Amino acid sequence: MWFLALLLVAAILAVLVVLIRGLVNMAGTTRADLEGEGPSERALKSNKLMQQRILLQAVAIAIIAIILLMLSGKS
């Protein structure tokens, strides 16, 4: 059980790190990024960070579900 709790904390911290990286990336958006032809490098990086964040959030939710299932089985 402690292992799952530590794994959950690690997943939440990973989500937080990717979220902050995405916000920093978005904050650096320039006018050229917005008005250029096609998606800019910054937009592509932002998209990849969003996909990573969603995946990590799904992992965290799955760990929470496993913990809840284990706790409900003990009672």
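Everything numeric in this text was worked out from a predicted model, so none of it was measured. (Residues numbered from 1 in each chain as written. Predicted model: local features only at pLDDT ≥ 70, side-chain atom pairs only at ≥ 80, totals over all residues. Heavy atoms only, no water.)

1. A look at the overall build of the chain
- Summing up its helical and strand segments, the chain has three helices and zero strands in all.
- Listing every helix and strand of the chain by position from the N terminus yields α-α-α.
- Taking 2.2 N^0.38 as the reference for a compact globule, 75 residues should give roughly 11 Å; the C-alpha atoms of the chain span a radius of gyration of 17 Å, well beyond that estimate.
- With the C-alpha coordinates of the chain rotated into their principal frame, the extents come out at 60 × 15 × 10 Å.
- For the chain, the residues scored as buried account for 16% of the 75 residues in total. (Helix = DSSP H or I, 4+ residues; strand = E, 2+ residues; numbered from the N terminus. Rg over C-alpha atoms; globule rule 2.2 N^0.38 Å. Buried < 20%, exposed > 50% of the residue type's maximum accessible area, 1.4 Å probe, protein only.)

2. Description of a nonpolar patch on the surface
- On the surface, V9, L13, L16, L19, I20, L23, V24 and M26 cluster together into a nonpolar patch covering about 730 Å² of accessible area.
- Here V24 lies in helix α1 (residues 2-27).
- On the basis of relative accessibility, which here comes to 56%, the residue V24 falls in the exposed class. (Patch = residues over 30% accessible without salt bridge, like charges linked within 9 Å, V, L, I, M, F, W, Y side chains within 5 Å. Areas by Shrake-Rupley, 256 points an atom, 1.4 Å probe, with all protein chains shown as cover. Salt bridge = Lys/Arg side-chain N within 4 Å of Asp/Glu carboxyl O.)

3. Concerning the side chain of S40
- Here S40 is to be found in the loop between α2 (31-35) and α3 (41-74).
- Within the structure, S40 has its side chain in polar contact with the backbone nitrogen of A43 (distance 3.1 Å). (Polar contact = N/O pair within 3.5 Å; in protein donor to acceptor, adjacent residues only side chain to side chain.)

4. Remarks on the nonpolar core
- Of all hydrophobic cores here, the largest spans six residues; its members are L4, L8, A11, A60, I63 and I67.
- Breaking this core down by element, the ones donating at least two residues are α1 and α3.
- Excluding its chain neighbours within four sequence positions, the residues that come into contact with L8 are A60, I63, I64 and I67. (Core = buried A, V, L, I, M, F, W, Y, C linked by side-chain atoms within 4.5 Å. Contact = heavy atoms within 4.5 Å.)

5. Describing the pattern of salt bridges
- Summed over all chains, the structure comprises two salt bridges.
- Notably, a salt bridge pairs E35 with R31, separated by 3.2 Å at the nearest N-O pair. With E35 and R31 both in helix α2, this residue pair falls four residues apart, about one helical turn. The burial state of E35 is the same as that of R31; both residues are exposed.

6. Quick look at the side chain of N25
- Topologically, N25 is positioned in helix α1.
- Leave out the neighbours within four places in its chain, and N25 touches R42, K45, S46 and L49.

7. Thoughts on the environment of L7
- By the element assignment, L7 lies in helix α1.
- Judged by relative accessible area, which is 36%, L7 ranks as partly exposed.

By themselves, these are just geometric observations and shouldn't be taken as functional.
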